[in-house]
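Breakdown of the fold
Single-letter residue listing:
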Amino acid sequence: MPTRPDLLKRAADHAVAYLDTIADRHVGAMATGDELRRQLAVPLPDAGDAEEVVIDALAMAGALGTVATQGPRYFGFVVGGSVPAATAADWLVSAWDQNAGVYVLSPIVSVVEDVTAGWLKELAGLPAGWSTGFVTGCQAANFTALATARHHVLNQAGWDVEANGLYGAPWVHVVCSDESHYTIFNALKLLGFGADRVTRVATDEQGRMRADALATTLESLTGPTIVCAQAGNVNTGAFDPIDDIATVTSAHGAWLHVDGAFGLWAAASPTRAHLVNGIARADSVATDAHKWINVPYDSGVVFTAHPASHRRAMTLSAAYIIESARERDPHEFVPEESRRGRAVPIYAAIRTMGREGFGALIDRCCTLATHLATRLRADDRLEILNEVVLNQVLIRVRGAEADARTKQMVERLQQEGTCWASGTTWHGMSALRLSVSNYSTTEKDIDRTADAILKVV
Ligand SMILES: Cc1ncc(COP(=O)(O)O)c(C=O)c1O
């Protein structure tokens with residue numbers, strides 16, 4: 001039986017070998033579900049298998065059954081990789097095995113959250129006094145922010161929603177755009193607002209909420225109101241005009257939530273910060289760290305301008321829970337109680353990149369997205385459907401049967417394996433959608449990707 005150090009080193013060796021070869025492998029998974037099941041679905045052992053056998057089996061299956069999302073030519077969804085310091089820090093989190101619910105359970109995570117929250121607010125251009133919660137992803141961040149909004153606007157209307165629920169509560173208007181991310185609607189569903197009972201505001205051709213249309217909508221609404229805007233459309237990368245929207249919402253006394261899953265981090269870039277002008281005028285902001293900060297899954301962050309409402313919306317105490325009078329109790333800002341030290345890898349990523357390194361990462365991804373669009377635009381069989389303002393590129397085949405041929409292009413590209421990107425539908429048109437979000441992607445990777453796309457076309 002291996003000693004604990006031997007076993008941990010064995011797992012580390014597997015992990016290093018995996019990462020060392022990731023840039024050269026077929027980007028999509030190389031085994032089917034059935035093949036993986038044949039490797040892994042052993043009868044439940046009575047006595048337990050040897051530790052090294054189990055770790056080796058997982059490593060072998062993982063080499064085939066993972067998608068190389070950590071690699072430089074994965075452009076699906078908006079994923080991002082993990083910078084080495086963040087992966088290493090995440091290993092420490094597992095070794096420490098801390099329950100980061102309250103300070104007494106883990107002073108280290110409480111303090112790391114505190115410090116990291118300060119850095120993130122600085123990078124995002126948010127006021128230092130805002131509250132911060134470290135959650136699993138932007139879905140959870142949207143949920144937490146909108147729960148805080150629900151508390152705040154109903155409290156102002158004299159209603160305690162945490163005590164009484166929504167039965168008999170004053171009506172809350174929720175205003176979204178035609179292009180709000182589906183996780184906003186999922187959060188509204190979970191919060192009892194209903195996913196369909198929202199007022200939708202029209203967007204422009206890039207998917208940006210129209211501030212003039214929002215103003216008209218708000219004129220027709222009275223009473224508690226929550227407006228959901230977006231920094232970074234998941235297809236086009238476009239930004240709602242946050243400053244103009246903030247002017248409209250504050251005149252109406254509405255809560256302004258901004259979903260900035262990846263787009264928020266434009267704030268850290270010297271060349272893209274203008275895209276989030278006015279972000280500090282919002283009431284809440286949701287984002288991800290596992291996307292563009294390049295830390296391991298899962299990692300999202302929520303910020304609010306109203307710490308007391310944030311706490312009240314999230315916290316129900318119990319007699320045996322020891323809360324700290326002067327230190328941060330992380331559970332006060334998130335829906336979970338027991339939880340992992342998610343801020344630790346973010347701390348490592350930000351501290352090792354620094355302000356300049358992180359800004360350069362954002363800039364580089366945007367420049368590479370532009371380079372890809374420029375290369376593909378030069379081929380008259382293809383068109384780029386979006387203004388490439390950030391890191392997202394939408395590509396479509398021109399001419400007859402464009403939808404069918406674009407879908408074929410997506411399928412063949414995934415089979416070809418140089419890179420991985422997925423399909424989408426933009427304004428009724430099929431498109432290949434690429435998101436450049438990984439710290440390790442280079443211009444050479446983009447050129448290889450452009451060559452692969454042109455080859456399958
Ligand atoms: C704009 C936007 N909001 C929310 C999300 C959901 O994020 P997560 O999957 O991390 O929960 C995404 C994911 O791509 C997104 O792009």
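Everything discussed here concerns the structure shown above.
This structure is a prediction, so every number in the text was calculated from the model and none was measured.

Parameters and conventions
- Residues numbered from 1 in each chain as written.
- Predicted model: local features only at pLDDT ≥ 70, side-chain atom pairs only at ≥ 80, totals over all residues.
- Heavy atoms only, no water.
- Buried < 20%, exposed > 50% of the residue type's maximum accessible area, 1.4 Å probe, protein only.
- Helix = DSSP H or I, 4+ residues; strand = E, 2+ residues; numbered from the N terminus.
- Pairing = 2+ DSSP bridges.
- Axes fitted to C-alpha atoms, helices over the stretch in contact; angles between N-to-C directions.
- Parallel < 35°, antiparallel > 145°, perpendicular 65-115°, else oblique.
- Contact = heavy atoms within 4.5 Å.
- Nonpolar A, V, L, I, M, F, W, Y, C, P; charged D, E, K, R; others polar.
- Left-handed = near helix turned anticlockwise from the far one by under 90°.
- Core = buried A, V, L, I, M, F, W, Y, C linked by side-chain atoms within 4.5 Å.

**A word on the pairing of strand β4 (residues 225-230)**
Of all 6 residues in β4, 6 are buried; the element is thus mostly enclosed. Residue alternation in β4 divides its side chains into two sets, Thr225, Val227 and Ala229 and Ile226, Cys228 and Gln230, and both sets are buried. Of the pairings in the sheet, the one linking strand β2 (residues 173-177) to β4 comprises 3 bridges and is parallel in character. Note on β4: the bridge partner recorded for Val175 is Val227.

**Brief notes about the packing of helix α6 (residues 138-156) against helix α11 (residues 307-314)**
Axis separation between α6 and α11 bottoms out at 8 Å; the angle between their running directions is 105°. By the angle class used here, α6 and α11 are roughly perpendicular. Facing α6, whose interface residues are Thr144, Ala147, Thr148, His151 and His152, α11 presents Ser309, His310, Arg312, Ala313 and Met314. Across the contact of α6 with α11, the residue classes break down as 3 nonpolar, 6 polar and 1 charged.

**Let's talk about the packing of helix α5 (residues 107-124) against helix α12 (residues 343-377)**
Running from amino to carboxyl end, α5 crosses α12 at an angle of 30°, the nearest separation of the two axes being 9 Å. The angle between the axes of α5 and α12 places the two elements in the roughly parallel class. The crossing of α5 and α12 is left-handed. Residues Val109, Val112, Glu113, Val115, Thr116, Trp119, Leu120, Glu122 and Leu123 of α5 lie in contact with α12, whose contacting residues are Ala343, Val344, Ile346, Tyr347, Ile350, Arg351, Arg355 and Phe358. Across the contact of α5 with α12, the residue classes break down as 12 nonpolar, 1 polar and 4 charged.

**Overview of the sheet that holds strand β9 (residues 392-397)**
Strand order in the open sheet formed by 4 strands is β8-β9-β11-β10, with antiparallel pairing between adjacent strands. With partners counted over all chains shown, the strands left at the sheet margins are β8 (382-384) and β10 (422-426), one partner each. Between one strand axis and the next, the sheet turns through 40° on average, direction left out of account. Across 3 bridges, the pairing between β8 and β9 is antiparallel. Bridge assignment links Leu382 to a residue of β9, and that residue is Val397. In the packing of helix α13 (residues 402-416) onto the sheet, the strands contacted are β8, β9, β10 and β11 (429-435), and the crossing angle to β11 comes to about 30°. Sitting on the sheet, helix α14 (residues 443-456) touches β8, β9 and β11, and the angle it makes with β11 is about 160°.

**Some remarks on the nonpolar core**
If you look at the biggest cluster of nonpolar residues, it comprises 99 residues, and the most contacted ones within it are Trp265, Ile293, Phe358 and Ile395. The leading source of residues in this core is α12, at 17 residues. The next biggest cluster of nonpolar side chains, apart from the first, holds 24 residues, and it includes Phe143, Leu154, Val161 and Cys176.

Note that every value here comes from positions in space, so none of it alone points to a role or purpose.
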